[in-house]
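Take a look at the letters that make up each chain.
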Amino acid sequence: MSTFLVFLAILVYIGGLFYIAYLAERQHNCISRLAQTPVAYALSIAVYCTSWTYYGSVGKAASSGLSFLTIYLGPTITIGLWWILLRRLVLIKNRFRITSIADFISARYGKSQLLAALVTGIALVGNMPYLALQLKAIKSSFTLITGTGGAAGSFITEHFGPFIVVIMTTFTILFGARKLDPTERHRGMVAAVAVESVVKLVAFLACGIYVCYFLAQGIGDIFSPAYTANPTAAAVLKIGEGEHAYITWSTLLLLSMSAIMFLPRQFHVAVIENSSPRHILTAMWMFPLYMIILNIFVVPIALYGINAGIPVEQADTYVLNIPIIHDNSWLALLIFIGGFSAATGMIMIAAMTMATMVVNHLLLPLFDLATFFAPMRRHLLQWHWIGIIAIISGGYWTESEIGESYALVNMGLISFAAALQFAPAGIGAMFWPRGNKAGAISGLSAGFAIWFYTLMLPAFIKSGWINTAILENGPWGISMLRPEHLLGLSTLPSLSHAVFWSMLFNIGLYVGISILCGQNEEEKRIVEEFHATTDSGISSSFGSEDDMVIDMTEKMEALQEVLNQYFPAEKSLAVLSHERDRLSLNQRQSVSILEFAQFHRRIESTLAGSIGNAMAHRALSRDTVFPRQEKELLSRAYADILSRLNLSPQEIAEKVNYYTARDELLTLHSQELEVRILEKEEEIKARIRAEKALTEAEENFRSIFNMPWKASSR
Amino acid sequence: MSIPPQPAKSKTLSLLICVFALVLFNWPILSIAGEKGNLSPIAYLFAVWLSCIGCLAFLVRYVLTDIPDEEPDQDSA
């Protein structure tokens, strides 16, 4: 197909996406409303299905049978628990203004910067090559459809890669990082990703229908012995080959079960972009339905490709190659656009979320280290843009340098295994109150180290970058340390082997160290907040005249000084005034320690929305803002409240929940009453209007009888 | 904002669906359909998958209907 025509199609498609995203960002139009529906939310979660699954499913089916299905079956199993898991995450996100998975894990474990940086590092190492894989898919499919075969040709062909990088970067910055607050939802981005999900589904179905009903005699024909008799084709219909088939199957299920929750981009679309927990209900059935529809034709396409004589080594390209071979250029173009959608959706979301993590958890702590860097903190938004540019360009560079290597080609599952390392600390954060910072840091570090040693290192060796002796004999000839047979374990396939050891050490250290080391007061307070998840304010009745010890003028100055490091002065002042107003502290010169603690918590939460929980906590814990004496005073105040109430923290949480629920009911009732009052007012207004109209009509009627001619006739 | 208590029924059903799916999609049940049984593995997997989606739709439509509306995120307002 003509290079120019394909390029034009890309331009038109991207233009359409820009327009949809632009409309979605504006208020009061159909697209904007659609972007906020549960359907758009469910479709945006389909960013899970990247080009790796779009093209790779058929490839995997042709080479390994039905194991490709595990990538979709795993999420279906997890989704059964979404109303418990995801809903909880969304409520925690709203409560703590979480910005990313790194922020979530660090927020629960003492708002630890080290932990946030560790999660960011793992996400970066695990996802950067995966992003490169998407760029590779775009470039390879472009080469295939234009028939350039990688040879130097037109200006478009030679500069296609940089062009894609520029377009993706522009789109991500415009619709994903235009404003500073990363907790704010990006309607334009979500709308674009939802549209891309529809396009890739339609394109893949079009290919399947074409293969089954135009090239073969229907789906029954594809599954007939005519197509399945061939031994290679017969293997497509099997669970897998060899003694390890079921172990690999279960490993893949486990990996995909965690990937749908803990891949940074999935966490972003499912948790950060969620506008209402009720949207989860729609996603719970719609997203699995999407996946099953997407997979209906994978096996038929693989069977047809094998029988058409296309080598199995090229099975990744069957989806695009079959229409090209049969001279169906327009269908090939549609399929190319589908694959392009699958790749770009992932690139945009992954770049956006990773840039947020890198800026909040790697750069900002660095800026904090030296006063020389202090002015940099005032340009957070620009740093986000630089982060996005660096991540997408880095992905492109990786693709250019190691595009054909074993390491990159196998990066999909390696990336899933990296995301699995977040699962113990992530699940523990929600359901295990005893889990602590030391446990989470040790578990994650050990899991990541073993993941790197048993999966990444062998991938580097197989790519030819490191001597193979390490793989065969172990480092320094110690066979017990062979990366794929650690401690002599040689009964497991390499992926299962890596998952087993990394999870054993990750979970073991997380649980063991959490039990051995206790939590400090700060951690205990955060755990209570996480598990009670209540936002009921501290009652002002606890603040008697004698307790009014905090001078608000002084505190406002100190807080403004901190906020000025991250925001323009006007914004800092606006944030402080807004929160002071919300807590009705505007007219007060001095407040109690409990009231100040609540005010402080709200400012921290607002700042966390821009720079993450760990950094916000660090910034606002400085002695100028919250000195040690005041912290001790606060502890004593809490202790005093508990002793006066004679209740355990658990009982207090229950009571607070009861009163919160009662308050919500009363608010609902008052809202209903307000609606009724409005209706009555409308009725009264209508009646007044009717009476007025009646009076006017009567006057008109009278005037007719009082006309001069009437008088003269009399 | 608070997490409203979930009815025990919905929690149990969610867990039940998850556990059933986990069992049906794994060894040894899968091996019955896969190698030793007469069922074609692909038909088995798609049938179980579709049933899971049906169960999830049932859960959402008939069991999780009594969950009260929760406060939306501040940004959605």
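Residues numbered from 1 in each chain as written. Chains lettered and ligands numbered in written order. Predicted model: local features only at pLDDT ≥ 70, side-chain atom pairs only at ≥ 80, totals over all residues. Heavy atoms only, no water.

In terms of regular secondary structure, chain A is built from 36 helices and two strands. Overall, chain A is about 100 × 95 × 45 Å in size when its C-alpha atoms are taken along their principal axes. Taking all 714 residues of chain A together, the buried fraction comes to 56%. Here the analysis covers contacts within chain A between residues at least 6 apart in sequence; of these, 81% occur between residues at least 24 apart. (Helix = DSSP H or I, 4+ residues; strand = E, 2+ residues; numbered from the N terminus. Buried < 20%, exposed > 50% of the residue type's maximum accessible area, 1.4 Å probe, protein only. Contact = heavy atoms within 4.5 Å.)

Turning our eyes to something else, we now look at the overall build of chain B. Helix and strand counts for chain B come out as three helices and zero strands. Scanning chain B from its N terminus toward the C terminus, one meets helices and strands in the order α-α-α. In chain B, the share of contacts with a sequence separation of at least 24, taken over all contacts with a separation of at least 6, comes to 58%. Of the accessible surface of chain B, which amounts to about 4300 Å², a share of 68% is contributed by carbon and sulfur atoms. (Areas by Shrake-Rupley, 256 points an atom, 1.4 Å probe, with all protein chains shown as cover.)

To continue, consider the side chain of Ser514 of chain A. Residue and element names in this part refer to chain A. Tracing the backbone through its elements, the reader meets Ser514 in helix H28 (residues 494-516). Taking relative accessible area as the criterion, Ser514 reaches 3% and is therefore assigned buried. Side-chain polar atoms of Ser514 contact the backbone oxygen of Tyr510, separated by 2.6 Å. In contact with Ser514, not counting residues within four places along its chain, are Trp432, Arg434, Gly435, Asn436, Gly439 and Leu509. (Polar contact = N/O pair within 3.5 Å; in protein donor to acceptor, adjacent residues only side chain to side chain.)

Residue and element names in this part refer to chain A. Closest axis-to-axis distance for the helix H12 (residues 187-215)/helix H19 (residues 298-307) pair is 9 Å, and the angle between their directions is 50 degrees. Viewed along their axes, H12 and H19 adopt a mutual orientation that is oblique. The handedness of the crossing between H12 and H19 is left-handed. The residues of H19 that touch H12, namely those facing Phe204, Cys207, Gly208, Val211, Cys212 and Leu215, are Val298, Pro300, Ile301 and Tyr304. Its residues placed into classes, the contact of H12 with H19 shows nine nonpolar, one polar and no charged. (Axes fitted to C-alpha atoms, helices over the stretch in contact; angles between N-to-C directions. Parallel < 35°, antiparallel > 145°, perpendicular 65-115°, else oblique. Left-handed = near helix turned anticlockwise from the far one by under 90°. Nonpolar A, V, L, I, M, F, W, Y, C, P; charged D, E, K, R; others polar.)

Before going further, it helps to spend a moment on the confidence of the model for chain B. Predicted coordinates in areas of low pLDDT are best not read in detail. Residues and elements named next belong to chain B. Looking at chain B as a whole, its pLDDT mean stands at 75, while 65% of the residues score no less than 70. Averaged pLDDT values over the elements of chain B bottom out at 74 in helix H2 (residues 29-36) and peak at 90 in helix H3 (residues 41-63). Taken as a whole, residues 71-77 scores under 50 in pLDDT and shows 16 contacts with residues more than four places along the chain or in a different chain. On the interface metric, ipTM, the complex scores 0.84, and its pTM is 0.78. (pLDDT = per-residue confidence, 0-100.)

For the rest of this paragraph, the subject is the pattern of salt bridges. Residue and element names in this part refer to chain A. Per the stated rule, a full pass over the model turns up three salt bridges over all chains. Across the pair Glu604 and Lys111 runs a salt bridge, and its minimum N-O distance is 2.7 Å. Note that Glu604 is positioned in helix H32 (residues 593-611) and Lys111 in the loop between helix H8 (101-108) and helix H9 (113-146), a separation of 493 residues in sequence. Pair check on accessibility: Glu604 and Lys111 agree, each one buried. The shortest N-O distance in the salt bridge between Glu484 and Lys462 comes to 2.9 Å. Of this pair, Glu484 sits in the loop between helix H27 (469-473) and H28 while Lys462 sits in helix H26 (residues 437-462), and the two are 22 residues apart along the sequence. A relative accessible area of 38% places Lys462 in the partly exposed class. (Salt bridge = Lys/Arg side-chain N within 4 Å of Asp/Glu carboxyl O.)

So, about helix H18 (residues 279-295) of chain A. All names here are of chain A. Taking 1.5 Å per residue as the helical rise, H18 with its 17 residues ought to reach 24 Å, and the 24 Å between its terminal C-alpha atoms agrees with that figure. A maximum bend of about 25 degrees is found in H18 at Trp285, where proline Pro288 lies one to four positions downstream. For H18, a buried count of 14 out of 17 residues is recorded, marking the element as mostly surrounded by other parts of the structure. (Expected span 1.5 Å × (residues − 1). Bend = angle between axes of the 7 residues up to and from the residue.)

In this section: the nonpolar core. As a rule of thumb, nonpolar side chains are buried together in soluble globular proteins. Within the largest apolar cluster, 202 residues are counted, with the highest numbers of intra-cluster contacts made by Trp82, Phe104 and Met284 of chain A together with Phe25, Leu45 and Trp49 of chain B. At 20 residues, the largest contribution of residues to this core is made by helix H21 (residues 329-369) of chain A. When sequence neighbours within four positions are dropped, the list of residues in contact with Phe25 of chain B reads Leu73, Ile77, Trp249 and Leu253 of chain A together with Leu30, Leu45, Val48, Trp49 and Cys52 of chain B. Within the second largest apolar cluster, 36 residues are counted, among which are Leu576, Leu585, Leu594 and Leu620 of chain A. (Core = buried A, V, L, I, M, F, W, Y, C linked by side-chain atoms within 4.5 Å.)

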